[in-house]
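Understanding the architecture of this molecule
What follows is the residue order along each chain.
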Amino acid sequence: MNTEHVPRAITSDSPLHRNRDFVLLTVASVISSVGGRVSQLALPILALALTNSPALAGLLAAAQQIPYLLFSVPAGVWVDRADRKQVLVVCDLLRFLLLVSIPVAYALNALSVAQLFVVVFLQGVCTVLFAVAELAALPSVVARNQLAPARAVNQGVESAAEVLGPSLGGLVIGVGGGGIPGAALAYLVDGVSYLASGGALLAVRRKLQAAERPAGGRLRDALAEGMAFLWRSQSLRFLMLLTASLNCLQAPLYLLTVIIAQNRLGLGAPQLGLAFGVAGAAAVLGAAIAPAIYHRMPLRAILAGSSVVWVAAIAILALADGMAALTLAWVLIHLCWPAYDVAVVTERLAATPDHLHGRVISAFRTVSYGVEPLGVALGGLLVAVTGATSLLLALSALHVLCAAWALRGTLPLRQ
């Protein structure tokens, strides 16, 4: 019996919570996102414990992000040509195998920095493929005028993961004894979460792309078509470059927060997990109100206003003298991202034909996410020279320039 079929036409009459395939995609995202946040907290702790070097810890974080730069564009071509559901399931299976190798190596007393570099890099490759396929599939399971609320649900999932993941990560790391053994246990939990996510995806019935996929051909031509579409649009090009600038500036914040928490404030993994969890709760609130903000506020106000809030948040983080200030800074950072993301992603999806979704998403992410390895690597190197406080104040000041740029850039005309 064929389990992949279109039960009925997608209409906005059916609410999202009754859309079976959208719910299954969301459940898979919840499971893997929570697991991912568990290992996100574990990575800097494990890296610093293994190397005792912020610079190497920064390079490890960069190794996890650099696949966005190297593979996003070809990933988009593959996602447009391949079965998107198969891509999603295979990526989950591979991430399970990769992450479980870390606790296995620790149990065998064979865990090394080299293995960690390989695992986080390949995990990053799978994450790039998964993220492009998941987002490209969204217009195939919801009606066009449901894109903004559907994306807001996605953001709510990620925000909920910010609540549960770090708190669970701090608990798991603490149960594991902290340091390397605790971080290894966190990677085991994350690995198992990808198995559960893959199981939910196997139950999706609807095809996750248009009936006709792009024909094969030279990779270079397929890449050029997606890049050309994105670059010809002044408004989409501006959104991409602004997002890239913000991502680059915020890429080292997680590592810098761990350094401040451990060296200045004396906080352990459970306290850090709690702080990030509270901030994640703010992101859940941000995701809940993001569709209303998108429909009621000018796009320019959303972009510039978010940047101004981040100016204040990073300055607070730089001067934090306790857990309350550190938590407040991350609450402000997380509160604005859902509105910013929903606005940008909805504009991009609405402006892109289905057969180009994968390539346009991947081209956008190649630039906007591809700068993150540079940002986190430079952050890890510069913090040894400038100190965390001075570096954070500089990042706050640079966000002022992003806010000014948002006020002058070319933006899409709302339909």
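The notes below deal with the structure included here. Numbering of residues begins from 1 in every chain and follows the order in which that chain's sequence is written. Local features in this predicted model are restricted to residues whose pLDDT is 70 or higher, and side-chain atom pairs enter the listing and the counts only when it is 80 or higher, whereas totals over whole chains, interfaces and linings include all residues. Note: side-chain values were computed over all heavy atoms of the structure, leaving out hydrogens and water.

Turning our attention to helix α15 (residues 372–386). Helix and strand assignments follow DSSP, with helices taken as H or I runs no shorter than four residues and strands as E runs no shorter than two, numbered in order from the N terminus. Here the expected span of a helix is defined as 1.5 Å times the quantity of residues minus one. Compared with an ideal rise of 1.5 Å per residue, which puts 15 residues at 21 Å, α15 spans 20 Å between its outermost C-alpha atoms and is within 8% of the ideal. Roughly 25° is the biggest bend found in α15, and it falls at G380. For the exposure calls, accessible area comes from a 1.4 Å probe over protein chains only, and a residue counts as buried if that area is under 20% of its type's maximum, exposed if over 50%, partly exposed in between. Three or more residues of α15 are buried, namely E372, P373, G375, V376, A377, G379, G380 and V383. Count one or two residues on from α15 and you reach G387, which has phi positive near 85°. By definition, a residue's bend is the angle between the axes fitted to the seven residues ending there and the seven starting there.

Structurally, S193 can be placed in helix α7 (residues 179–202). Judged by relative accessible area, S193 falls into the buried class, the value being 9%. Polar side-chain contacts of S193 include one of 2.5 Å to the backbone oxygen of D190. Residues contacting S193, with those up to four places away along its chain left out, are I31, S32 and G35. The definition of a polar contact used here is a pair of N or O atoms within 3.5 Å, where within protein one atom must be able to donate a hydrogen and the other to accept one, and adjacent residues in sequence count solely through side-chain atom pairs. By definition in these notes, contact holds between two residues if any of their heavy atoms fall within 4.5 Å.

We now examine helix α4 (residues 84–107). A rise of 1.5 Å per residue sets the reference length of α4, with its 24 residues, at 34 Å; its end C-alpha atoms lie 36 Å apart and thus fit the reference within 8%. Roughly 25° is the biggest bend found in α4, and it falls at S101, with proline P103 one to four residues downstream. For α4, the N-terminal capping position is held by D83, with its side-chain oxygen 3.0 Å away from the main-chain nitrogen of K85. At the exit of α4 stands N109, carrying a positive phi of roughly 60°.

Counting 124 residues, the largest nonpolar core has L138, L303, W330 and L392 as its most contacted members. Take this core: its biggest share by element is 15 residues, from helix α13 (residues 323–351). What we call a nonpolar core is a set of buried Ala, Val, Leu, Ile, Met, Phe, Trp, Tyr and Cys residues that are connected through their side-chain atoms within 4.5 Å. One finds A61, A62, A251 and A377 within the second-largest nonpolar core, a separate group that totals five residues.

What follows concerns the packing of aromatic side chains. Stacked, edge-to-face and tilted labels apply to pairs of Phe, Tyr and Trp rings (six-membered ring for Trp) whose centres lie within 6.5 Å, assigned for plane angles under 30 degrees, over 60, and everything in between, in that order. Within the structure shown, the criterion is met by eight aromatic pairs. Look at Y254 and W330: their rings are 6.1 Å apart centre to centre, the planes differ by 75°, and that puts the pair in the edge-to-face class. Taken together, the residues span a long stretch of sequence, with Y254 in helix α10 (residues 253–263) and W330 in helix α13 at a distance of 76 residues. Look at Y254 and you get buried, because its relative accessible area is 13%. Considering the side-chain rings of F276 and W330, the 5.1 Å spacing of their centres and the 85° angle between planes classify their relative orientation as edge-to-face. In this pair, F276 is assigned in helix α11 (residues 269–296) and W330 in helix α13, connecting sequence segments 54 residues apart. Through successive ring pairs, a cluster of aromatic residues spans Y254, F276 and W330. Its guanidinium or amino end placed over the ring of F130, R95 lies 4.5 Å from that ring's centre, counting from NZ or CZ. To sit over a ring, a charge needs its Lys NZ or Arg CZ within 6 Å of the ring centre and within 35 degrees of the ring normal.

So, on to the packing of helix α2 (residues 54–65) against helix α3 (residues 67–81). Orientation of α2 relative to α3, taken along the N-to-C sense of each, is 5°, at an axis distance of 6 Å. Between α2 and α3, the interaxial angle falls into the category roughly parallel. Across from A63, Q64 and Q65 in α2, the residues of α3 making contact are P67, Y68 and L69. By residue class, the composition of the contact of α2 with α3 is four nonpolar, two polar and no charged. As a rule, the C-alpha atoms of each element are fitted with a line to give its axis, helices using only the stretch in contact, and angles between N-to-C directions run from 0 to 180 degrees. Roughly parallel means an angle under 35 degrees; roughly antiparallel, over 145; roughly perpendicular, 65 to 115; everything else is oblique. Residues are sorted three ways: Asp, Glu, Lys and Arg are charged, Ala, Val, Leu, Ile, Met, Phe, Trp, Tyr, Cys and Pro are nonpolar, and all the rest, Gly among them, are polar.

Moving on: the pattern of salt bridges. A carboxyl oxygen of Asp or Glu within 4 Å of a side-chain nitrogen of Lys or Arg is what we treat as a salt bridge. Tallying each qualifying case throughout the model produces three salt bridges. The residue R206 makes a salt bridge to D21 at a minimum N-O spacing of 3.8 Å. Of this pair, R206 sits in the loop between α7 and α8 (219–232) while D21 is found in helix α1 (residues 20–51), placing the two residues 185 residues apart along the sequence. Take R206: its relative accessible area is 8%, and that puts it in the buried class. Notably, a salt bridge pairs R95 with D92, separated by 2.8 Å at the nearest N-O pair. Remark: D92 and R95 occur in helix α4; sequence separation between them is three residues, near one turn of the helix. A single burial state applies to R95 and to D92, both of which are buried.

Let us now look at unusual backbone geometry. In this structure, N109 takes a positive phi of about 60° despite not being glycine. Looking at the secondary structure, you find N109 in the loop between α4 and α5 (113–141). With relative accessibility at 75%, the residue N109 sits in the exposed group.

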